[in-house]
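Chain by chain, the residues run as shown.
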There are 4 protein chains.
Amino acid sequence: MRIGVLTGGGDCPGLNAVIRAVVRKGTKVYGNEFLGFRDGWRGPLENATMPLGVEQVRGILPRGGTILGSSRTNPYATDDGGQRIRDNLAELGVDALIAIGGEDTLGAAAKLHSEGLPVVGVPKTIDNDLGATDYTFGFDTAVNIATEAIDRLHTTAESHHRTVVVEVMGRHAGWIALHSGLAGGANVILTPERPFDLDQVCEYIEERFRSQYSPIVVVAEGAVPAQAHEVTQTDRLDSFGHVRLGGIGQWLADSIEQRTGKEARAVVLGHIQRGGTPTAYDRVLATRFGLHAVDAVHDKDWGQMVALRGTDIVRVPLAEATAKIKTVPAARYAEAEVFFG
Amino acid sequence: MRIGVLTGGGDCPGLNAVIRAVVRKGTKVYGNEFLGFRDGWRGPLENATMPLGVEQVRGILPRGGTILGSSRTNPYATDDGGQRIRDNLAELGVDALIAIGGEDTLGAAAKLHSEGLPVVGVPKTIDNDLGATDYTFGFDTAVNIATEAIDRLHTTAESHHRTVVVEVMGRHAGWIALHSGLAGGANVILTPERPFDLDQVCEYIEERFRSQYSPIVVVAEGAVPAQAHEVTQTDRLDSFGHVRLGGIGQWLADSIEQRTGKEARAVVLGHIQRGGTPTAYDRVLATRFGLHAVDAVHDKDWGQMVALRGTDIVRVPLAEATAKIKTVPAARYAEAEVFFG
Amino acid sequence: MRIGVLTGGGDCPGLNAVIRAVVRKGTKVYGNEFLGFRDGWRGPLENATMPLGVEQVRGILPRGGTILGSSRTNPYATDDGGQRIRDNLAELGVDALIAIGGEDTLGAAAKLHSEGLPVVGVPKTIDNDLGATDYTFGFDTAVNIATEAIDRLHTTAESHHRTVVVEVMGRHAGWIALHSGLAGGANVILTPERPFDLDQVCEYIEERFRSQYSPIVVVAEGAVPAQAHEVTQTDRLDSFGHVRLGGIGQWLADSIEQRTGKEARAVVLGHIQRGGTPTAYDRVLATRFGLHAVDAVHDKDWGQMVALRGTDIVRVPLAEATAKIKTVPAARYAEAEVFFG
Amino acid sequence: MRIGVLTGGGDCPGLNAVIRAVVRKGTKVYGNEFLGFRDGWRGPLENATMPLGVEQVRGILPRGGTILGSSRTNPYATDDGGQRIRDNLAELGVDALIAIGGEDTLGAAAKLHSEGLPVVGVPKTIDNDLGATDYTFGFDTAVNIATEAIDRLHTTAESHHRTVVVEVMGRHAGWIALHSGLAGGANVILTPERPFDLDQVCEYIEERFRSQYSPIVVVAEGAVPAQAHEVTQTDRLDSFGHVRLGGIGQWLADSIEQRTGKEARAVVLGHIQRGGTPTAYDRVLATRFGLHAVDAVHDKDWGQMVALRGTDIVRVPLAEATAKIKTVPAARYAEAEVFFG
C-alpha cells in the first residue's frame, strides 16, 4: 500500500515523531510505501510532494516543527478542491492518506472521507482543546516552557516588588494557562472560559503583596475582562499618546499598575511555546499516535482518528472528534482558585 | 481538624507539591491545622514533628525532595508500632493522617487504617508501578531526565562508532526504560518484565551499525538476561582480575563489546533521575493529588487513596491499591519493538 | 568589622551568589558581621535593613533575583542623601559597604567614596556593557535563555516558511544579540551600535529563503533603522487603525512582512532573560566576585571594584570603571556577519 | 585553496560549530574548498574522506559530537604514518589541514608541521587542561551538566539525610570538579592536583550534617586519596565478597558510609557530560575558533593554534601549546575551600 502523509495548521512539537512512527512501522511491519505531501492540504491540492521513507525520518524524533512543512490551506476554499485531491492521489498511486492536524485540517479530512477518500486522522492542537482525546502532543511541551518562564519570573517579580503578567497561548481554551499557572505557582490564572473581574484580580494582587511576596498573573491570550468596555482606546494610549497595547497581557499589566499604584510588567511568551524539541511525554504520545494511525490504515478503518483515553490509544470517528471544543470545566478551574491571592 | 502529614520511601519530585496543596487547601477552605511528621513513619513513631503551615510551604512547589524528610522506617518492625502511633497521634491531638508514599508506606497505612486509624493515602512511586493509578508524580520527571541524557548520548555514540548502554531506574517494572527509550529513540529497550536474549540484543546492535548510525541500549536496572547463568564471576573480572561489574548496565556494555568486537560504554543515571525540580506534569498531578487528599479527609473517607484515571482524580481503597504491581504489558512493549535495530 | 551589603538596579542572575560568597567568606575567614540593606540605596537612605548571616544565605546560590530586593533609588536625588547615608551607617555601626550594581549604583558608590565612605563595588549588568571587566554575571544566563529560544524558533520558522524576529535585551550595547545570534545561528543580527538598513536586512532574508530554510533575525531592543524616519505613525497603525507596534521587534516583523510579502512574526523575550537560576558560568563568576570583594574590604582598598580580566579577578577604581560603556567593536560584529543571509 | 578538516580524540560539544564556522567563512570569504577526513588521523592515513561544504554543515551548530567522526588513531604508530599522510594529501589535492583536537591530536599536528605539512590547529579538551588558552569549548557544557546534576542531588541528599558523592570528568586536572562544585554549592571538592585526606573529608561531612543539611562531595575521576594504600582489595569487596568498586566515586561513598555510619551514595556522571548540544558559551567560542583558524590558513600561518586570551582569539605555536597541562592552581582551589563543610 502507498500512503500519503500531511501535516496542517500551526506547528507543534511532536509532529515529526508522528511522521517517524508512521513511516517506521508502516515500512517494517506492513511493507507500506510513503509519500510526503508538503505544507498541509496544499500538498495534495498542488501535487507538492517529497520522498518519505526510513532515511528521511532518521534523527527527526527530537526535532520540533514538521519536515513536511505546514500551512492553513483549506482544500474547500475552491469548489473543486475535494475532486482535485482525489484526482491527484489517484494519479500518484496513493491508496490512503494520514492527515495530522487540528480542527480545520481534520474537518477537511472528515469531509474528504465523507466524499469517499480513504483517510485516517491524527489530532494535533497545542491548546489541548479537542474533545475526543484526553491530551494532544505539544501541549505538555508548551506547558513546560511556560512553567519554566514563570519559575524565572518569580525571582524578578520579588526582587522588584512588582507584578508580572505572563501571557500564554490559548485563544478559546485555557488549558495552557491552567496547567502552567498551577505548575508555576501563579497567584491568579485567567482563561477564556470565564471573563475576569479586574477588581477581583487586583484584590488577589494586593493580598499577595501583603504576604511579602510578589504576584504572578498567568493569562491566556483569549481571556477577556467581564467589563469588556473597559478595554477602551484610552487604555491603549498613554498620556503622551504613545501606544501601549500589545494584547491582553500588556493591557492587564497597564491596568494593574494603574489601579494598584505598583509596577507591573507583561511578558508575552508567544511562539517559543510551540517550537523546539518535544518533552518526553509528547514524544511518547506522538509516537504512539503514529503507530496506531498506521494500524488503522492497515485495518482500512477509514474516517477514524486516533485518540488518548487514559493510557490507551483508541479510535474515534473524525466527524465526532472535531464536533466541539474541549474547554476547562468549572471544577478544574476551582482547583486552581485555591491558590489565588 | 488537626491533620498530620508524612512522606515515606525514596524521594520523588512532586512530594513538596503534594504537601503544599494539602496545607494550602486545608487551611484556606476547611480551616484545618497541620502538623508535619519527620522522616516517614519514624515521625509518628518517635514523635518527631515539625510545624507545617502556609508559611512552611511557601516556595516549595518547584523544589525536589521533601521538606518533611523521608525514611524506610516500618512501623510494624516492632510489635507495638501501631499502638505507639495511635497513642502519639492522640497525645498530639492529631485527628487524621495523610500518608504520602509507595507500596511500603501505603501498606503500613492500610494496616493502620484496618486498626482504626483515620488515614488517607497519596501514591508515590517514581517507577510508576502502582496498579491503582494511571500515573504517579515523579515518573514524568525521571523519564524526561533519562530522555535528555539519551539525546546527549546519541551524538557521542555516533562520533565514536560505539554502543552506549544507558541504565535507568526500574527494579520490578520497566516503565522508565520504556518511555525514555521510546522518547530517546533507543535501538533496544530491556525491561525486568521480559528476560532478554543477549544474542538478539547484539543482532539489533549490528543492524544499527550497518545503517551508519550507532546504537543506544536503554536497560532498566532490574532487567536480567534470559540465560541468567551468563552473568558469571568470569564476566565480573577481566583478565587481570580487575573488577568490571557495577550493575546490569556495565555488564551489558562489557558483554556487547566482547561479542561485537566494537567499543561499548555504560552510563548509569542513578539518583539524578529522582532529584530536583519536577516537570510541569508532575507538579500538576502532585498538586491535584494533594487537593483531593485533603477533600477525602474532609469527607472522612478513611482508608482511601487518591488516584489518576484518565484526567480525573478518583479514590480507591488503600488495601486494593497496594495489592499488586503494575508492570509493562506485552502490547506496550511491542509498540517499542518496532524501533529496535 | 560590620559590613553592609546592598544590590541596586535591575535584577540579574548571580546577585544571590555574590551575597552568599561575601557573607560566607567574611564570616568564616575574617570574622566579619553583615547587615543587609533592602532595595538598593533605599536601604541605607531609609534605614531599611534585614539580618544577613550564614543562615540567611543558605540555599540561595542557585536562585535568581536578590534576597535583599532592589530598586533604582538614587541617593543623590535629594541634597542630603550622601549625608543621610553616612549618618545611618554610623548609627548602625556599619564600618564598610559592599555595593553590587550597574552604572547608576556604582556611580553613586564612587561619589559616596569620594565623600569619604568606605565602599567596595561589585559590577552587575546583564547587558555586559561595563568597560572595566571582561564579563559580568547574568550575561551568560541571558545569552543561554535567548539561544534556547532561538533554537526553538528555528523549527517553527521552517515549518511555516516564515521569518521570525527575536527581540533581546540590550538598550545601548548589542552583546546579548551578538552572542545569542551567533550561538543560535541567526541569519541577521542587529545591534544598537550600528543603525541597520532595512533593505539590506530584507536581502539577507530573501537569500535565506532561497536556501529552502527560514530566516531568524535577532534584534537588540535598542537597535534602530538607519533611516529613523521610517518608523512613522503610519507604521504603528494598520489599515484599520489598530495598534501594531510593541517595540523594534514588532516593527521589524511588520516591515519585513510588508516588504518581502512573506509572513513574519516577532517574539519579544523580555524579562525571562533576567530571571531565574544562573548558569554555572554566572554562579562561578558571581561567587568569585563576592570572595574578592570581601578581600578588598579586608584590605581596606576603598573605592575599588572587582573585575574579570582573562581568568583573574582584579581590582579597578570605581570612578574609572563606570566612566564609559563597552559596546560591540566592529571586528566582533564582522565575525558574525559571515553568517548573515 | 582546498582545505582538509579532521577532528580527533574524545568528542566534545562544539566540534560541529568549529567545522561549520571554518566551512562557512572559508567558502564565503576566501573561496576555499573543503574536504572532510573521517575519524581523526585515520582519515588522512587511510584516505577516508567525506564531502564537506556549506550543505553538509547546515543545521549542525547546535548538535553535539562531530559529523566527521573521531578516533584516537595515532599517525606515528607506524613508521611511515607521516609520509602516508603527506602523500595522501598531495594525491587528494589538499593544500592545508585544519586539525581539531586535544593534546594527542595537536601533538601529531605539531610533528607533521615540523615535517613540512601546512597545518593549523584548533584546541579541544573538555577538561580545560590545555595551557595555551584561557578556555576550550565543551568545558562550559560539561560544567553546566554537572551543575544541574548537583542541583538535583541536593534535594535527594537532604530528604534522606545522606551524603551524595558526584564523580565528574577530569583525569589529570580538576577544572570540571572545581567549577561545577563551586556552582553547585558542593561541601567538598576533590581534584587530581591535590591528594585528599579521607579523615578531613569526613570532618567536612560531619560539619555539614550538624547544620541540618546534607553533604554533596564532588570528586574528579582522577582524584586520589593521600593514603593511596587505603584503596585496598578489602575495600573493593563487601563482606559477602560482592563487588562494590566502580571508580573513585563509589570507593569514596563506601568509605564515607563506613566511617561516618551514615548512608552515602555515588553518582557517576560519565559520558552525559560530553554529549549533546553545546551551551551558548561553547557555541560562540567554537565558532570564533573556527573563524580564526581559517584566517590563519588564509595567512599561511602554519604550525599555529588558535587560543582564547581574555576576550580575544590569538595564535600560539602548536609545539608550545601542547607542551604542558594546565592544572588548577592552589589559589583557585583555596577560593572553593571557603565553602567546604
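Residues numbered from 1 in each chain as written. Chains lettered and ligands numbered in written order. Predicted model: local features only at pLDDT ≥ 70, side-chain atom pairs only at ≥ 80, totals over all residues. Heavy atoms only, no water.

> How would you sum up the overall build of chain A? Please name residues and give values.
Counting its secondary structure elements, chain A contains twelve helices and eleven strands. Taken over the C-alpha trace, chain A has a radius of gyration of 22 Å; the compact-globule value for 341 residues is 20 Å, and the two agree within 12%. Projected onto the principal axes, the alpha-carbon positions of chain A cover approximately 65 × 40 × 35 Å. Split into buried and exposed, the 341 residues of chain A put 65% on the buried side. Taking all contacts inside chain A whose residues are at least 6 apart in sequence as the whole, residues at least 24 apart take part in 75%. Total accessible area computed for chain A in this model is approximately 11,400 Å², and 47% of it derives from carbon and sulfur atoms. Averaging the locations of the 34 positively and 42 negatively charged side chains of chain A gives two centres separated by 5 Å. (Helix = DSSP H or I, 4+ residues; strand = E, 2+ residues; numbered from the N terminus. Rg over C-alpha atoms; globule rule 2.2 N^0.38 Å. Buried < 20%, exposed > 50% of the residue type's maximum accessible area, 1.4 Å probe, protein only. Contact = heavy atoms within 4.5 Å. Areas by Shrake-Rupley, 256 points an atom, 1.4 Å probe, with all protein chains shown as cover. Lys, Arg positive; Asp, Glu negative; His and termini not counted. Charge placed at Lys NZ, Arg CZ, Asp CG, Glu CD.)

> Quick rundown of helix H3 (residues 81–92) of chain C? Include the residues and the values.
Residues and elements named next belong to chain C. Between its terminal C-alpha atoms H3 stretches 16 Å, which fits the 16 Å expected from twelve residues at 1.5 Å a residue. All of the buried residues in H3 are Gly-81, Gly-82, Ile-85, Asn-88 and Leu-89. Along the axis of H3, the buried positions cluster into a sector of 130°, meaning they face one direction only. What points out from H3, more than 90 degrees from its buried face, is the exposed set Ala-90 and Glu-91. Contacts made by the buried residues of H3 are with strand E2 (33–37), helix H2 (42–46), strand E4 (96–101) and helix H4 (103–114). A positive phi of about 70° marks Gly-93, the residue just after H3. (Expected span 1.5 Å × (residues − 1). Arc of directions from axis to C-beta.)

> Give a description of the interface of chain A and chain B that names residues and reports values.
Each partner contributes to the interface: chain A provides 42 residues, whereas chain B provides 42 residues. Carbon and sulfur atoms supply 58% of the area that chain A and chain B bury against each other, a total of about 3,500 Å² over both sides. Of all residues in chain A, Arg-58, Val-338 and Phe-339 of chain A give up the largest surface area on contact with chain B, accounting jointly for 17% of the area buried on that side. Counting the contacts that link chain A with chain B gives four salt bridges. Between Arg-288 of chain B and Glu-335 of chain A there is a salt bridge whose closest N-O contact spans 2.9 Å. Remark: the boundary between chain A and chain B carries 16 residue pairs in polar contact (both at pLDDT 80 or more). Where the side of chain A that touches chain B is concerned, the elements lending two or more residues are helix H1 (15–29), helix H5 (139–160), helix H6 (175–184), helix H10 (280–298) and helix H12 (330–337) of chain A. The element that contributes the greatest number of residues to the side of chain A that touches chain B is H10 of chain A, accounting for eight residues. Residue composition of the side of chain A that touches chain B, by class: 16 nonpolar, twelve polar and 14 charged. (Buried area = accessible area lost by both parts, 1.4 Å probe. Salt bridge = Lys/Arg side-chain N within 4 Å of Asp/Glu carboxyl O. Polar contact = N/O pair within 3.5 Å; in protein donor to acceptor, adjacent residues only side chain to side chain. Nonpolar A, V, L, I, M, F, W, Y, C, P; charged D, E, K, R; others polar.)

> Tell me what's going on with the relation of the copies chain A and chain B, and back it up with residues and numbers.
Between chain A and chain B, which share one sequence, the superposing operator has a rotation angle of 180° and an axial displacement of 0.0 Å; the RMSD is 0.0 Å. Here the symmetry operator amounts to a two-fold rotation axis. The rotation axis passes nearest to the C-alpha of Gly-310 of chain A in chain A, at a distance of 1.9 Å. A share of 100% of the interface residues of chain A reappears at the interface of chain B, consistent with the copies meeting face to face through the same patch. (Least-squares fit on C-alpha atoms with pLDDT ≥ 70 in both.)

> Would you mind going over the packing of aromatic side chains in detail, with residue names and values included?
All names here are of chain B. Within the structure shown, the criterion is met by 22 aromatic pairs over all chains. Relative to Phe-340, the ring of Tyr-333 lies with its centre 5.9 Å away and its plane at 85°, an arrangement referred to as edge-to-face. Here the two residues Tyr-333 and Phe-340 agree in accessibility, since each one is buried. (Phe/Tyr/Trp six-rings, centres within 6.5 Å; stacked < 30°, edge-to-face > 60°.)

> Tell me about the pairing of strand E6 (residues 163–168) of chain B, and name the residues and values.
All names here are of chain B. In terms of burial, E6 is largely enclosed, as six of its six residues are buried. Side chains Thr-163, Val-165 and Glu-167 project from E6 onto one buried face, and the interleaved Val-164, Val-166 and Val-168 project onto a second face that is buried too. Both E6 and strand E9 (residues 264–268) contribute to a ladder of five bridges, which runs parallel. Within E9, the residue paired with Val-164 across the bridge is Arg-265. Both E6 and strand E8 (residues 216–220) contribute to a ladder of five bridges, which runs parallel. For Val-166, the partnering residue across the bridge sits in E8 and is Val-218. (Pairing = 2+ DSSP bridges.)

> Would you mind going over the side chain of Arg-208 of chain C in detail, with residue names and values included?
Tracing the backbone shows Arg-208 of chain C in helix H7 (residues 198–210). With a relative accessible area of 9%, Arg-208 of chain C lands in the buried category. Once residues within four sequence positions are removed from consideration, Arg-208 of chain C is found in contact with His-154, Glu-158, Asn-187, Tyr-213, Ser-214, Pro-215 and Gly-341 of chain C together with Arg-58 of chain D.

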